[in-house]
Amino acid sequence: KKNILELISNWDSFSFSTDNITLCHSATVGSVIIMAFLKSKGIHTIISETPNYFATYNQAEILGFKMILIPTYYENGFQFKINDEVLIDNQPKAVWLTQPRTALGFNQNVEDISYILKRLSPNDFLIIDEATEQFFPSVLASFNPVKYPQIIKVRSIFKGLGINGIRLAFIAHHESYRLEISSHLENFLGALDIFSIEHAIEIAKDVSKFKTLLSIANNQVTNLRERAERLTKGTN
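1. Some remarks on the sheet that holds strand 4 (residues 94-98)
Here is step 1: Pairing in this open sheet of seven strands is mixed, and the strands run 1-7-6-5-4-2-3 from one edge to the other. Each edge of the sheet is formed by a strand with only one pairing partner; in this case those strands are strand 1 (21-24) and strand 3 (66-70). Averaged over all pairs of adjacent strands, the angle between strand axes in this sheet comes to 20°, irrespective of strand direction.
Here is step 2: Those strands touched by helix 1 (residues 2-11) are strand 1, strand 6 (151-156) and strand 7 (169-172), and its axis lies near 115° from that of strand 1.

Given below as structure tokens:
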């Protein structure tokens, strides 16, 4: 993990310790580990934007969470707005976001996230699923789990590059959560495969190369999106 830590720290412009990072098989595995952690903290409600990852929704249902889905619409640019009465209550809760917005492809609004964070109680959590983050530094680097213990992030190391066969992700969290999150890791994961670890260590040796690869992947995604929009313009 120490070999990969420098890459993660550069990615978020912050010097993380090994106790701030828990490696896992994938962002999907990371999300169910986070949910188990939330359960242990007395969280029974998850507020989620739409669209969201189907696996996250299914995991929450299987684990018995109450899911509050906040609809977002084309007409207002798919803005994610939560009413204050939903945010400010006496029930512990977690707000679950994706970066970039899954299925939509654009980045979260930093001001909107700041608004949500300020209205959460000390017993609430903000979970940010960054499975396909392609920017370096990451778009939400300022929302640091060390500075804000209520924030927990999960991110794939390779998925943003367009690579899904090499399976390695990490959960970023406050150091005080390390032992508890690690115990849930044992329940849902087991061992990481050496193939993925070796590739992660190799790519972590050259941060500038990793940054370039992310940029190339993002350019490809952007160009394909623009092409699709041109081909479908004026149609349903």
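There's plenty left to go through after this.
2. Observations concerning the packing of aromatic side chains
Here is step 1: Taken as a whole, this structure holds 10 aromatic pairs when the rule is applied.
Here is step 2: Plain terms: the ring middles of Tyr74 and Phe78 are 6.2 Å apart, the flat faces sit at 75° to each other, and that makes the pair edge-to-face.
Here is step 3: Given the relative accessible area of 65%, Tyr74 is considered exposed.
Here is step 4: Site record: aromatic cluster; members linked through ring pairs are Trp11, Phe136, Phe170 and Phe210.

3. Observations concerning the packing of helix 1 against helix 8 (residues 207-232)
Here is step 1: Where helix 1 meets helix 8, the closest approach of the two axes is 10 Å, and the angle between their N-to-C directions is 55°. Our classification of the angle between helix 1 and helix 8 gives oblique. Between helix 1 and helix 8 the crossing geometry is right-handed. Touching Leu7, Asn10 and Trp11 of helix 1 are Val207, Phe210 and Leu214, all from helix 8.

4. Some remarks on the side chain of His184
Here is step 1: Following the sequence through the fold, His184 ends up in helix 6 (residues 178-188).
Here is step 2: Residue class for His184 comes out buried when judged on its relative accessible area of 13%.

5. What to know about the pairing of strand 2 (residues 45-49)
Here is step 1: In terms of residue burial, strand 2 counts as a mostly covered element, since five of its five residues are buried.
Here is step 2: Alternating residues of strand 2 divide into Thr45, Ile47 and Glu49 and Ile46 and Ser48, and every residue in both groups is buried.
Here is step 3: As judged from the five bridges shared by strand 2 and strand 3, these two strands associate in the parallel manner. Paired with Ile47 across the two strands is Ile68, which belongs to strand 3.
Here is step 4: Regarding the hand of the β-α-β motif, the stretch spanning strand 2, helix 3 (residues 54-62) and strand 3 is right-handed.
Here is step 5: When strand 2 meets strand 4, the two strands line up parallel, connected through three bridges.

What counts, and where the lines are drawn
- All residue numbers here refer to positions counted from 1 along the written sequence of the relevant chain.
- Given that the model is predicted, a residue must reach a pLDDT of at least 70 before its local features are reported, and side-chain atom pairs must reach 80 or more before they are shown or counted; all residues, however, enter totals for whole chains, interfaces and linings.
- Side-chain measures were taken over the full set of non-hydrogen atoms in the model, leaving aside hydrogen atoms and water.
- Pairing between strands is defined by DSSP: at least two bridges between them are needed.
- Strands are runs of DSSP state E lasting at least two residues, helices are runs of H or I lasting at least four, and both sets are numbered from the N terminus onward.
- Axis lines are fitted through C-alpha atoms, for helices just across the contact stretch, and the angle between N-to-C directions can take any value from 0 to 180 degrees.
- In what follows, residue pairs with any heavy atoms lying within 4.5 Å of each other are defined as contacts.
- Centre distance within 6.5 Å is the pairing criterion for rings of Phe, Tyr and Trp, where only the six-membered ring of Trp is used; planes under 30 degrees apart are then read as stacked, over 60 as edge-to-face, and the remainder as tilted.
- Under the scheme applied here, a residue whose accessible area is under 20% of the maximum for its type counts as buried, over 50% as exposed, and between as partly exposed, the area being computed with a 1.4 Å probe on protein chains only.
- Our angle categories are set so that under 35 degrees counts as roughly parallel, over 145 as roughly antiparallel, 65 to 115 as roughly perpendicular, and the remainder as oblique.
- In this scheme the crossing of two helices becomes right-handed for a clockwise turn of the near helix relative to the far one and left-handed for an anticlockwise turn of less than a right angle.
- A right-handed crossover is one whose linking path, passing over the helix from the first strand to the second, runs clockwise when the strands point away from the viewer.

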